[in-house]
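# Structure assessment
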Amino acid sequence: MVNEIVSILKARFPDSLLDIPSEGRSIVVTVKKEDFYPLLSQLKESGFDHFSDVSVVDYPDEQRFEMVYHLWSHQKKIRAIVKVAIPRESPAVKSVIDLWTGAQVHERENHELFGIGFEGNPNLSELFLEDWEEIPPFRKDFDTRKYVKEKYYREEEGYPIVKG
Amino acid sequence: MEEREISFATLPFGPQHPASSHFHALVKVEGEGVLELEPHPGYLHRGFEKLMEYRTHPQNCVLVDRICVLDPFANELGYVNAVEKLGNLEVPERGRYIRLIMTEFGRIQSHITWIGIMGMALGFDSICRIAWGDREKIIRLNEMATGGRLYPCYFCLGGTRRDISPEFVKLAFETLNYLEEQLDFYDRVFFNNESFITRTKGVGKLTAKEAIELGATGPNLRACGIDYDVRKDEPYEVYPKVNFRAITRVEGDAYARSLCRRDEIAESISIVRQLLRDLPEGPFNTEVNPLYAAPKGECYFCVEAARGELCFHMVSDGSPFPYRVKVRGPSFSHSLVEFPRLAKGAMIADIPVIYWSLDPCPADMDR
Amino acid sequence: MVLDQLRRVFEPFALLKNLFKKPMTLQFPYEVLPELGGYRGRHMLDLEKCAGCFICAMVCPNKAIFPVEFQGRKYPRVDLGKCCFCQLCEEYCPQNAIKLTSYAMLVTTDKESAVITPEELGKMPGH
């Protein structure tokens, strides 16, 4: 079952990197940005109907974001992981809500915390943070401790004490 | 025929409300029917994933309980297993058995808490006092084994931090016998109660196709007929050696979801009996360097929590601090996608019933 | 069918037997549950054994331990407002000097008294 899906993907997307970890129940695919949406539609047709999560990893040294999509097939009991690299200056990617409706909130959360644009998502308003004026907080160049010290603590005898 | 002017009011199903907890939603109603429901999460957002990047693995293991307080052992199990999978660490058999015993007790305790809160949402206050009194017996077991009542801080890389004693095993068997009698009592008083059946049958109905499309997991999905249980489909620890089944029902309404959780309590009691019977002797953990640096790579590990599928995506770059940890909480899809969809077209009095039959935990929605 | 419905209406009255049972509530703090041993409560420090290495301060996840001067040496000071009672400081202390007792009556209305100085850490809590 894993081999059928691997052969379909290899035939249709010859220059994507495929990797099968040793347990034999999951597939890891690394694709380029152009092939990313056709590959996900192909996976949805092959039976991957449960959208588990989309997570974003920030690599500031290599100037890219890596988006990792986690999918699961209820009938075949196989997990698929799809990795896409997008540039860090103007990050934008096509939304997948036409394939999986439940992905809308996950994309909204990643837009707020990392600043990634999802084209086609109707509602990208704020979810957790209110009146946030700094850069998206989960990026690597945002220093959480410095922000908290300036806003909430005052220094006294070298030991931070809460303001007020 | 005269023209009627349609006007609607906006009510808050707010954070200060007898039937909601740490969750805010704005409900647009016309008369008694709900037109639209808009959730506003964020009351418990602590930025867990960013804060975990500043701490080493042993420090993270004691703080990760706080992601979902009502079922703390599942969070620790997920984090610890994700790091061990990355580094191929050895865990002795006794450590694995102890981990699963505590996790299943945590699942029973979470479902008993749910019985109490569901009763309160329906207006049946007495069942909450009785159920939380029974939950106290499991929390005493927590205190005996781990030293803490609600925040156990018990699992570590390579096993568990303390051993369990023969007094614990004896008290565990007594608690299991007591809980089986109490399940009978709950059946007569709560689950076969005419008011409960009338208020929950046919309310909040989810079809199987809708449930998969909206990303439901856990008892909410199994009540629609699809048997997806991470303990059976991607087994971890010593679940392959234990005999149990995944509970499914067909109807998909609030009544089916409630009965799924009641049957899971009975199933978990049988799992704990088998584990306590087969508990091996030997060491309970292996020594791991406190500044343990997982090798470079990434890993995705899923655990079956009481509410659904809880997953950890861990990326490591060879240093003692994790590079990125992403937590997928089971209540994220339930509160933000399914609750608005099911509440549309319902009556105002059905809103707490639908909300609590989905069993959300705002802490693991916001993280 | 009707008999079933009648049974479902009247059977929950079995709850009334709870009226005649002893309640589960305890009048805390006058009645407390018996101690089981091993509970994680307030810290206690053995002033002779402490070497001043501050591995406890390095390993604390919330930075609740801070070095201060006392009797001519440096000793740890614990801020209970930040402490999460995880017992990592006891696990990693090389001299077994800092330990967690089972004393848990730590409620106070005064923020200054939540910071425990080394002098108080040296004595048994509750005195």
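Our subject is the structure that appears above.
Heads up: these notes are all about the structure in this document. (Residues numbered from 1 in each chain as written. Chains lettered and ligands numbered in written order. Predicted model: local features only at pLDDT ≥ 70, side-chain atom pairs only at ≥ 80, totals over all residues.)

Helix and strand content of chain A: four helices and nine strands. Ordered by position in the sequence, the α and β elements of chain A form the string α-β-β-α-β-β-β-β-α-β-α-β-β. The C-alpha radius of gyration of chain A comes to 20 Å, more than 25% above the 15 Å expected for a compact globule of 164 residues. By its C-alpha atoms, chain A is 65 × 35 × 30 Å across when sized along the principal axes. Evaluated residue by residue, chain A yields a buried proportion of 28% over its 164 residues. Across chain A, the fraction of contacts at a sequence separation of at least 24, relative to all contacts at a separation of at least 6, is 47%. (Helix = DSSP H or I, 4+ residues; strand = E, 2+ residues; numbered from the N terminus. Rg over C-alpha atoms; globule rule 2.2 N^0.38 Å. Buried ≥ 20, exposed ≤ 12 C-beta atoms within 10 Å, placed from the backbone. Contact = placed C-beta atoms within 7 Å.)

What follows deals with the overall build of chain B. Assigned secondary structure in chain B consists of 14 helices and eight strands. On C-alpha atoms alone, chain B measures out to a radius of gyration of 21 Å, which is about the 21 Å that the 2.2 N^0.38 rule sets for 367 residues. Counting over 367 residues, chain B shows a buried share of 49%. Long-range contacts, defined here as pairs at least 24 residues apart, represent 71% of the contacts in chain B between residues at least 6 apart.

What follows covers the pairing of strand 4 (residues 64–72) of chain A. Consecutive side chains along a regular strand alternate between the two faces of the sheet. All names here are of chain A. Counting buried positions along strand 4 yields seven of nine residues, so the element is predominantly enclosed. Here strand 3 (residues 50–59) folds back onto strand 4, and the loop between the two strands holds four residues, one of which, Gln-63, carries a positive phi near 55°. Pairing between strand 4 and strand 5 (residues 79–87): nine bridges, direction antiparallel. Looking at the pairing, Leu-71 lines up with Ala-80 of strand 5. Here strand 4 hands over to strand 5 after six residues, with Lys-77 in that stretch at a positive phi of 60°. (Pairing = 2+ DSSP bridges.)

For the rest of this paragraph, the subject is the sheet that holds strand 2 (residues 24–30) of chain B. Adjacent strands of a sheet form backbone hydrogen bonds with each other and so pair up, either parallel or antiparallel. All names here are of chain B. Strand order in the open sheet made by the three strands is 1-2-3, with antiparallel pairing throughout. Both edges of this open sheet fall to strand 1 (9–13) and strand 3 (33–40), since each of them pairs with a single strand only. Taking each pair of neighbouring strands and ignoring which way they run, the sheet shows an average axis angle of 25°. Looking at chain direction, strand 2 and strand 3 are connected through seven bridges and run antiparallel. Bridge pairing links Lys-28 to Glu-36 in strand 3. (Axes fitted to C-alpha atoms, helices over the stretch in contact; angles between N-to-C directions.)

Residue and element names in this part refer to chain A. Side chains Ile-27, Val-29 and Val-31 project from strand 2 (residues 26–31) onto a buried face, and the interleaved Ser-26, Val-28 and Thr-30 project onto a face without burial. Here three bridges tie strand 1 (residues 17–19) to strand 2, and the two strands are oriented antiparallel to one another. Each bridged residue has a counterpart across the sheet, and for Asp-19 the counterpart in strand 2 is Val-28. Across six bridges, strand 2 lies against strand 5 in parallel orientation. Bridge pairing in strand 5 links Val-28 to Ile-81.

Attention now goes to the interface of chain A and chain B. Chain A puts 22 residues into the contact, and the matching count from chain B is 27 residues. Those elements that place two or more of their residues in the side of chain A that touches chain B are strand 3 and strand 4 of chain A. Class assignment of the residues belonging to the side of chain A that touches chain B gives a composition of ten nonpolar, eight polar and four charged. (Nonpolar A, V, L, I, M, F, W, Y, C, P; charged D, E, K, R; others polar.)

All names here are of chain B. Between helix 3 (residues 72–87) and helix 4 (residues 93–122), the shortest axis-to-axis distance is 8 Å and the interhelical angle comes to 140°. In this view, helix 3 runs oblique relative to helix 4, as classed from their interaxial angle. In contact with Pro-72, Phe-73, Ala-74 and Leu-77 of helix 3, helix 4 contributes Arg-99, Met-102, Thr-103 and Gly-106. Looking at the contact of helix 3 with helix 4 residue by residue, the classes come out as five nonpolar, two polar and one charged. (Parallel < 35°, antiparallel > 145°, perpendicular 65-115°, else oblique.)

So, on to unusual backbone geometry. Keep in mind that most residues, glycine aside, have a negative phi and that most peptide bonds are trans. Cis geometry marks the peptide bond from Phe-28 of chain C to Pro-29 of chain C, where omega comes out at 0°. Structurally, the position occupied by Pro-29 of chain C is in the loop between helix 1 (2–10) and strand 1 (43–45). For Cys-153 of chain B, which is not glycine, the phi dihedral falls at a positive 50°. Along the chain, Cys-153 of chain B falls in the loop between helix 5 (125–146) and strand 4 (155–156). Classification of Cys-153 of chain B as buried rests on a count of 22 C-beta atoms within 10 Å.

In terms of nonpolar packing, the biggest core is built from 119 residues, with Ile-101, Ile-115, Val-303, Phe-312 and Ile-354 of chain B touching the most fellow members. Broken down by element, this core gets its largest block of residues, 13 residues, from helix 4 of chain B. Dropping the residues within four chain positions of it, Phe-312 of chain B is found in contact with Gly-78, Tyr-79, Ala-82, Phe-301, Val-325 and Val-327 of chain B. Listed in part, the 29 residues of the second largest apolar core include Val-54, Tyr-69, Val-84 and Trp-100 of chain A. (Core = buried A, V, L, I, M, F, W, Y, C linked by C-beta atoms within 7 Å.)

What follows covers the sheet that holds strand 7 (residues 309–316) of chain B. All names here are of chain B. Strands sit in the order 6-7-8 across an open sheet of three strands; the sheet is antiparallel. Two strands in the sheet have a free side with no partner beyond their single neighbour: strand 6 (297–304) and strand 8 (324–328). In this sheet, neighbouring strand axes are inclined to one another by 10° on average, regardless of whether the strands run parallel or antiparallel. Taken together, the five bridges between strand 7 and strand 8 define a ladder with antiparallel strand orientation.

What follows concerns the environment of Lys-63 of chain C. All names here are of chain C. Residue placement: Lys-63 occurs in the loop between helix 2 (55–59) and strand 2 (65–70). Residue classification places Lys-63 among the exposed residues on the basis of 12 C-beta atoms within 10 Å. Sequence separation between Lys-63 and Met-124 is 61 residues, and the spatial gap between their C-alpha atoms is 23 Å.

Residues and elements named next belong to chain B. Topologically, Thr-217 is positioned in the loop between helix 8 (208–214) and helix 9 (219–222). Since 28 C-beta atoms lie within 10 Å of it, Thr-217 is described here as buried. Dropping the residues within four chain positions of it, Thr-217 is found in contact with Tyr-228, Gly-308, Glu-309 and Pro-330.

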